[in-house]
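Observations on the three-dimensional arrangement
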Amino acid sequence: MDKRLRRAPDAEWVLMYRLGLSRQRIAELVRAEPATVGYHLVIARRQDPGLEPAHQAATVTQTGPSPADLARMDEVIAWIMAQGRFPRDRSGDKEERSMARWLSDRRREAAKGTLSPAYRDGLARVPEWAGNPRAAADEARWHDRLAQLADFRAEGNDWPRHQQADSEREHTLGVWIHVQRQKHRRGGLDAEKLRLLDCAAPGWRTGRTRGRPLRQ
């Protein structure tokens, strides 16, 4: 397990969130996975009820990407134009993987309709950068479900059930994690998603143990 998970919440990440930075942006800056950052923020919000209102207030004052954010976009675009292809998230090169994650975040934002106009206009220089809109939406939904599962577990709940669930929320998450387990058993789960699940939801492969009492 990542050492940061054992020291959650990370004070630096919490401060960045308080100042209005999104989970994805913090992950980009600290070179961590969004799910890992999300885990820390779940713990931080439980410890400090004022954190989320402070984040929302700071977000309202932000008008768009910073100069550093736009410079990063230009780096990614320049790389794509020079290489004649999009960066790969399974590349052996760390910087290429970082750019792939950056582009994936922008695709998720585009699918959700939250992409900054500055990013939209800049990335218009790269044809078909958003890829398949349906695939981008599916990818965004997968990451959202992972974050929701991490929240659900952090609240003290046992693994969600896809049958005989106590709520629609539990049922939705139970169906989702059941599908992930089935894909994993068949060898069809993407290696990166497997790693994210192990990081954000350790123990997900086994889930509930028959006869084990619910977590209090």
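Residues numbered from 1 in each chain as written. Predicted model: local features only at pLDDT ≥ 70, side-chain atom pairs only at ≥ 80, totals over all residues. Heavy atoms only, no water.

A short note on the overall build of the protein
Applied cut-off: Numbering goes from the N terminus for both helices and strands, where a helix is a DSSP run of H or I of at least four residues and a strand is a run of E of at least two. Buried means the residue's accessible area, taken with a 1.4 Å probe over protein chains only, is under 20% of the maximum for its type, while exposed means over 50%, and partly exposed covers the values in between. Contacts are assigned to residue pairs that have any heavy atoms within 4.5 Å of one another.
When its secondary structure is counted, the protein shows 11 helices and zero strands. In sequence order, the secondary structure elements of the protein are arranged as α-α-α-α-α-α-α-α-α-α-α. The burial tally for the protein puts 40% of its 216 residues in the buried class. Long-range contacts, defined as pairs at least 24 residues apart, comprise 59% of the intrachain contacts of the protein with a sequence gap of at least 6.

Here we look at the pattern of salt bridges
The criterion, for reference: Salt bridge, as used here, is a side-chain nitrogen of Lys or Arg placed within 4 Å of a carboxyl oxygen of Asp or Glu.
In this structure the tally under the stated criterion is 22 salt bridges. For aspartate 158, the salt bridge goes to arginine 153, with nearest N and O atoms at 3.9 Å. Judged by its relative accessible area of 3%, aspartate 158 falls in the buried class. Where arginine 205 meets aspartate 198, a salt bridge forms, and the shortest distance between an N and an O atom there is 2.5 Å. Looking at aspartate 198, the relative accessible area reads 31%, which means it is partly exposed.

Some points on empty space enclosed by the protein
The condition is simple: Points on a 1 Å grid over protein atoms alone make up a cavity when a 1.4 Å probe fits among them but cannot get out, and a pocket when they form an open set with protein on both sides within 12 Å along at least five of seven lines; lining residues each have an atom within 4 Å of a point. Grid points are joined across faces, edges and corners, and a volume is the space filled by probe spheres set on the points. Polar here means any residue other than Ala, Val, Leu, Ile, Met, Phe, Trp, Tyr, Cys and Pro, which are nonpolar, and Asp, Glu, Lys and Arg, which are charged; Gly is therefore polar.
For the structure shown, the criterion picks out one cavity of 30 Å³ or more. Taken as a whole, the largest cavity encloses approximately 50 Å³ of empty space. The wall of the largest cavity is formed by Arg23, Gln24, Pro34, Arg108, Lys112, Ala140, His143 and Asp144. Only α3 (23-30), α7 (94-112) and α9 (133-154) provide two or more residues apiece to the lining of the largest cavity. Ranked by the residues each element gives to the lining of the largest cavity, the list is headed by α9, at three residues. Among the residues forming the lining of the largest cavity, the class breakdown is two nonpolar, two polar and four charged.

Examining the confidence of the model for the protein
Heads up, the condition is: Each residue carries a pLDDT score, the predictor's confidence in it, ranging from 0 to 100.
Of all residues in the protein, 89% have pLDDT values of 70 or greater, and the mean over the chain is 84. With pLDDT under 50 throughout, residues 1-6 is counted as low confidence; its partners more than four residues away or in other chains account for nine contacts.

Looking at the packing of helix α2 (residues 11-18) against helix α4 (residues 34-47)
Just so we agree on the cut-off: Fitting a line to C-alpha atoms yields each axis, with helices limited to the stretch in contact; the angle taken between N-to-C directions then spans 0 to 180 degrees. In this scheme, roughly parallel covers angles under 35 degrees and roughly antiparallel covers those over 145, while 65 to 115 is roughly perpendicular and the rest are oblique.
Viewed as axis vectors pointing N to C, α2 and α4 meet at an angle of 80 degrees, and their least axial separation amounts to 10 Å. When the interaxial angle is binned, α2 and α4 end up roughly perpendicular. Side by side, α2 and α4 meet where Trp13, Val14 and Tyr17 of the first sit next to Thr36, Val37, His40, Leu41, Ala44 and Arg45 of the second. Looking at the contact of α2 with α4 residue by residue, the class counts come to six nonpolar, two polar and one charged.

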